[in-house]
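Below, each chain spelled out in residue letters.
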Amino acid sequence: MFSENGWISEKQVRRTLVLPVFASCIFVLPYLAARLFGSNMVWGLGIFLLLAIVYSSVLYGVGRYIVPPGREDSVENDRRGSKCIAGIQVLRLSIRLAFYILLAVTILGEAQVPFMRKGGAGNISNLLVVLPLLLVAFYGANHSMEKVARIHEMVFWVTFVPFIVMLAFGFREISWNVWVPKGDMSVGKMLLYAFLLLACVLPAENYLQLKKAYNKRNSTLASYGGLLVTLLLVTFLTMVIAGIYGIHGAAGEEMVMISIMRYIRMPFDILERFDMLMIWFFMTGCFVLICNTLFFVGRSYRTAFGEKGICWVMLAALAFALFVAYRFPKYDVSIVWFVWYGACIDLPLSIVLPVLDHLMKQRKVDSGKKKTERMMDRKTWKKNDSRKHRMKERRQRRKRKQKGLTVTEKICMWIFAGCFVCIVLTGCGSDMRNVEQRDYATMLMVSKGEKMPYHIYLGVAKEHRIGEQSQVENIYDFEVENLTTLQDIYEQCRGKDLSIAHVKAVLWDMQAFESIEDMTAFLYEMDANEEIAKTCPVLLLEQMDDWLTYAEDAQTPVGTYVSDLVQAFDSGNKRVPWIKDYLKYIREGDELYPCRLTKVSQGFQIQLAKTRYQNPNIE
Amino acid sequence: MKIEYNEHNEIEMPISADLDRNIEVLEALFADWGDIVQKRFRLERQSQMVDVYILYIDGLTDNEMVERTITRPLLYEWRQSEAVTFEQLFHNQTEAVDLVEETQMMEAVSAVLKGDTAIFVDGSERAMVLSTKKFPTRSVSEPDKEAGLKGPKDSFNENFRTDTALLRRRIKDPKMKLKQGMIGQRSRTVYGLMYMEDLVYPSLLEKIQKKLESFEIDGIYDSGMLVHLLEEKWYSPFPQVQTTQRPDKAASAILEGRVVLVVDNSPEVIILPTTWNTFFQAADDYYNRFAVGTFARCLRYLAAYITVLLPGLYVAITCYYPQVLPTDFLLAIAGARSDVTFPIVVEVLLMELLFELLREAGIRLPGQMGNTIGVVGGLIVGQAAVDAALVSTIVVIVVALTAIASFAIPNEEFSSTFRLLKFAMILFGALWGLYGIMLGILMIQIHLSSLESFGIPYMMPLVAGSIDDEREFQDFVLRKPIFTMQYRPLYARRHNRLRFRQK
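These numbers come from a predicted model, not from an experiment.

## Notes on the environment of Asn159 of chain B
Residue and element names in this part refer to chain B.
Part 1: Inspection of the secondary structure puts Asn159 in the loop between β5 (127-130) and α5 (160-170).
Part 2: Judged by its relative accessible area of 15%, Asn159 is buried.
Part 3: For the pair Asn159 and Asn265, spaced 106 residues apart in sequence, the C-alpha separation works out to 5.8 Å.
Part 4: With sequence-adjacent residues up to four places away left out, Asn159 is seen in contact with Phe135, Thr137 and Asp264.

Put into structure tokens, the structure is as follows:
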């Protein structure tokens, strides 16, 4: 029977082990690797992979030493750990937890979760928004090892699948030139940076705890293989992301993992954006990291102090981590601190502490045995220590627990309810806008302003009512400083929010901006804007007035018209460049074939502007 | 005479050799019972005369059988015999097969309350109990909650013996055991555990029996009451045991190594243990071709997700993430909503509540009126609500789709859970957008992972399966062809899982 017996299967070990490693690496590695290695990324990641494999192998070796195969040393029964070591373990896991909370705040902010304000974890309201996620993680972590393993099994596929699906669709956007090894960084420097990146692989140390609950029938080979495959996969995906986003782009974007979803277009126009699919990945990723770390905080405490108060210790660790995250709000600074701390302190401790703990336990067991022999006769000792007795105790404990809500569930319930009320009362719901309370721009035409840097013409689609023959579009123009002010001014003038998430095309006034370099500032601004898709085509407009006249008289929406023109043009081998192509041209020096919109007798036509652009500033 | 009951509502009294004393006790017990039939008469034999006392309840007992097997033989057919003793009466002079003797008054009284006839003999400290049950009962009809196009059309009814007989008819194996017991201090409801001796884990059986003996209750009127008492986590919205009206489903569960709990007066039996997946399995799946069965099951899984998530996702996306929708569709939604007074979340909640009201009203009303409510609600109220700009057309579509999806889930209790969770998801979606929806899903996942049904993880085989055990997935979302499902699921004993062999 499958009744809870404290053992976990090989499959459960593998999944509980690889999920946090994958999440930790994939959120941090693309940005850090691009930032540290630059164009040496291929070599750097290669060295990182080697070091990570060495670290994993050492962990497995240590695991073999401290928990020999076949030994019935379930974590449930392992209560002889050193208190000092357990304290250090709890502290270092809490520090790691703080970084993961910071990561979650940044991820959720970048993933355009409503209510997230600027200022990261420094903004207390952001911590309040993350609180429900932390509570869910706390609720998840407050289960036995077997159940936590089951939770990991449940979220396993939903963590991987959306991400892999997105990258599969983005495969054709990869610039393969990043895969060519190049660069001039010294080996020593590369080794140092690769070593620093090992901070991402730290969750692999969970193996040492999981090993104790292994079902002795199974071997550890599958989990080791799983871990290696994960490391390989993460390294490969980091290169894929760098190929899509560009190395320089990735180095400048803290959350490149999230920004990348705006660089990929979903085929067949089923949904406009990947956001919905990806938010699931971000959420489960953050959840797994926090839940896993929190669980092992409790586990470390339990080995020395027993079950009593474990729930409060985990809450305290969470509170401590929240405080630390609040004190180090800047993600780009904190991540540097974290990798240095992780690689130089946490990593060695992850190996040394379990060995030390094991040695001390051995000593305790030896002295304990002698003492017991003196005090009790062998029969009584056997009875007290027998497996049957322990099982009986566990059954009784479980029975007690089953009678009603556990303390954890009560705590979670009350805090969650409180949090729910707080968030409702503090007005987070004010971010909610009904669909008809927004106006949707389908076209953005950028020209030079007289008083302000930009004169922007917006094609705003009106809602389509039943019975109306065609969709109507209005043209509004504003002189603004940037996109944010455009949205603010529009709201003030029109009384509705302006959504630029549905922009089908960006048109550039060629007379105002002669070269692409003139557009750089605005392109960067579009890059920073979370709403606008970076897969939006950009067209150069030679005769602005012709276009404006056409747009004002048009019976059909011009945004859709341009979109149709782009689709027709894309059907050949050529493709109208997207915002991301312009950005990659500016940042990476990739080739660019700009297109222009020219007037013909029956309307407009897309033509290639020049054969090829090459950014002269970048090699 | 004052009768004393113990804490279990039982009288601890042996049957007396003095018939008058017994009659006094029984008359005190059954005082003011209008439907009790009791008669004291004297049996005259050649060398001896003895008084006997017969007791049964009118309406629960087959009077004709009492007449044919007891009174006529005793009074007339054995008049010429020499003497009359309890043994003679028991073994020779009555013409009944199902006859037992009791020494405790409580046992005899319990039997009478069940519809049996008790015969007390003067000078004997025993009573004869003759099985003469005959209650008013429904005939075997079609399962109204689990209808299927293919397969048998009979269903369990309120008669305990009919239910067990329906199962015996399907499994003619002496290894199928029936352990009977009684539950409810006052209702004294009979229950039976049916299982295959060689397939079921003894620990499972023991666990179920312990659970059934772990409480005392006044009365059990339906298996539904027992379900709540058997569940480990009472606060979970998910049913942790399965109920069914279909004997074929119950028989199949028995052959999988599970235990079927038959409860008297209940038209449904309980199947223990259960997993999430079993609620998506319909009997039809196995009678149809495997591709059709698999497709139907995929649809049911999809239906479950639609039921829980669609309204919440609609609220979250239209309020917070309009960018994910195709532009034309988005503009159509905006157009449809332009005249609606209420915010989206209120609109959705209004329609969902209206649907639930219609559903509830439809169930409570008799057949044809129930159908009328569906038509009136669906067509007239829905259309009127759109015309009055209370709701938009798209919300009507969302709610209708959700409703249809909820009906596609084969188990009523299970689909009710999804309908309940749907409201939580709407609130999460309205407050926190997709973030809220994802939080909700995570919470549900954690909760499901922690659920167990009599030692079996609820989410088997998604969780806790062994690494290379593909067998557990043979009957999951994909229902493999029957001949490839060679092994019984994990409920059956490990060494006895082979169920199909090609000759």
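## Observations regarding a nonpolar patch on the surface
Residue and element names in this part refer to chain A.
Part 1: Together, Tyr65, Val352, Leu356, Leu359 and Met360 make up an exposed nonpolar region whose accessible area comes to about 440 Å².
Part 2: It is helix α13 (residues 331-375) that provides the largest number of residues to the nonpolar patch, a total of four residues.
Part 3: Looking at the element boundaries, Val352 is found in helix α13.

## Some thoughts on the sheet that holds strand β2 (residues 49-57) of chain B
The pairing of strands in a sheet happens through backbone hydrogen bonds and is either parallel or antiparallel.
All names here are of chain B.
Part 1: One open sheet holds the five strands; their spatial order is β1-β2-β4-β5-β3, and the pairing between them is antiparallel. With partners counted over all chains shown, the strands left at the sheet margins are β1 (36-44) and β3 (99-102), one partner each. Averaged over all neighbouring strand pairs, the angle between strand axes comes to 25°, with direction disregarded.
Part 2: Alignment of β2 against strand β4 (residues 117-121), held across four bridges, turns out to be antiparallel. When the bridges of β4 are listed, Tyr53 appears paired with Phe120.
Part 3: Of the strands in this sheet, β1, β2, β4 and β5 touch helix α2 (residues 63-77), which is tilted by about 20° from β1.
Part 4: The sheet contacts of helix α4 (residues 105-114) involve β1, β2, β3, β4 and β5, and relative to β2 the element is tilted by about 50°.

## Things to note about the confidence of the model for chain A
Part 1: On average, residues of chain A carry a pLDDT of 80, and 81% of them reach 70 or more.
Part 2: Mean pLDDT across the elements of chain A bottoms out in helix α14 (residues 378-385) of chain A (55) and peaks in helix α6 (residues 187-197) of chain A (92).

## Some details on helix α5 (residues 145-169) of chain A
Residues and elements named next belong to chain A.
Part 1: In a regular helix each residue adds 1.5 Å, so 25 residues correspond to 36 Å; α5 covers 37 Å between its end C-alpha atoms and thus fits that length.
Part 2: Approximately 35° is the largest bend angle found in α5, and it occurs at Val155.
Part 3: Counting buried positions over the 25 residues of α5 gives 18, a clear majority of the element.

## Topic: the confidence of the model for chain B
Part 1: In this model, chain B carries an average pLDDT of 87, and 98% of its residues clear a pLDDT of 70 or more.
Part 2: Here helix α13 (residues 367-387) of chain B stands out as the least confident element of chain B, with mean pLDDT 76; strand β9 (residues 259-263) of chain B is the most confident, with 95.

## Some remarks on the packing of α5 of chain A against helix α8 (residues 221-245) of chain A
All names here are of chain A.
Part 1: Close contact between α5 and α8 brings their axes to 11 Å; oriented N to C, the two are set at 40°. If you check the angle between α5 and α8, you find them oblique. As for how α5 packs across α8, the hand of that crossing is left-handed. Residues Phe160, Phe163, Ile164 and Leu167 of α5 form the contact with α8, whose own contacting residues are Leu233, Leu237, Val240, Ile241 and Ile244.
Part 2: Considering only residue class, the contact of α5 with α8 consists of nine nonpolar, no polar and no charged.

## Quick look at unusual backbone geometry
All names here are of chain B.
Part 1: Omega for the bond connecting Leu272 with Pro273 falls within 30 degrees of zero, at -15°, which places this linkage in the cis form.
Part 2: Summarising the element assignment, Pro273 is placed in the loop between β10 (269-272) and α9 (284-287).
Part 3: The step from Met460 to Pro461 runs through a cis peptide bond, and the omega angle for that step is -5°.
Part 4: Positionally, Pro461 belongs in the segment after β12 (456-457).

## Quick notes on the packing of α5 of chain B against helix α8 (residues 247-255) of chain B
Residue and element names in this part refer to chain B.
Part 1: Contact geometry for α5 and α8: axes closest at 9 Å, N-to-C directions at 60°. α8 is crossed by α5, and the crossing has right-handed handedness. Contacts between α5 and α8 involve Leu166, Leu167 and Arg170 on the former and, on the latter, Pro247, Asp248, Ala250, Ala251 and Ile254.
Part 2: For the contact of α5 with α8, the residue count by class is six nonpolar, no polar and two charged.

## Describing a negative patch on the surface
Part 1: On the surface, Glu7, Glu10, Glu12, Glu107 and Glu216 of chain B cluster together into a negatively charged patch.
Part 2: Relative to the assigned elements, Glu7 of chain B resides in the segment before α1 (19-29).

Rules used throughout
Residues numbered from 1 in each chain as written. Chains lettered and ligands numbered in written order. Predicted model: local features only at pLDDT ≥ 70, side-chain atom pairs only at ≥ 80, totals over all residues. Heavy atoms only, no water. Helix = DSSP H or I, 4+ residues; strand = E, 2+ residues; numbered from the N terminus. Buried < 20%, exposed > 50% of the residue type's maximum accessible area, 1.4 Å probe, protein only. Contact = heavy atoms within 4.5 Å. Patch = residues over 30% accessible without salt bridge, like charges linked within 9 Å, V, L, I, M, F, W, Y side chains within 5 Å. Areas by Shrake-Rupley, 256 points an atom, 1.4 Å probe, with all protein chains shown as cover. Salt bridge = Lys/Arg side-chain N within 4 Å of Asp/Glu carboxyl O. Pairing = 2+ DSSP bridges. Axes fitted to C-alpha atoms, helices over the stretch in contact; angles between N-to-C directions. pLDDT = per-residue confidence, 0-100. Expected span 1.5 Å × (residues − 1). Bend = angle between axes of the 7 residues up to and from the residue. Parallel < 35°, antiparallel > 145°, perpendicular 65-115°, else oblique. Left-handed = near helix turned anticlockwise from the far one by under 90°. Nonpolar A, V, L, I, M, F, W, Y, C, P; charged D, E, K, R; others polar. Lys, Arg positive; Asp, Glu negative; His and termini not counted. Charge placed at Lys NZ, Arg CZ, Asp CG, Glu CD.

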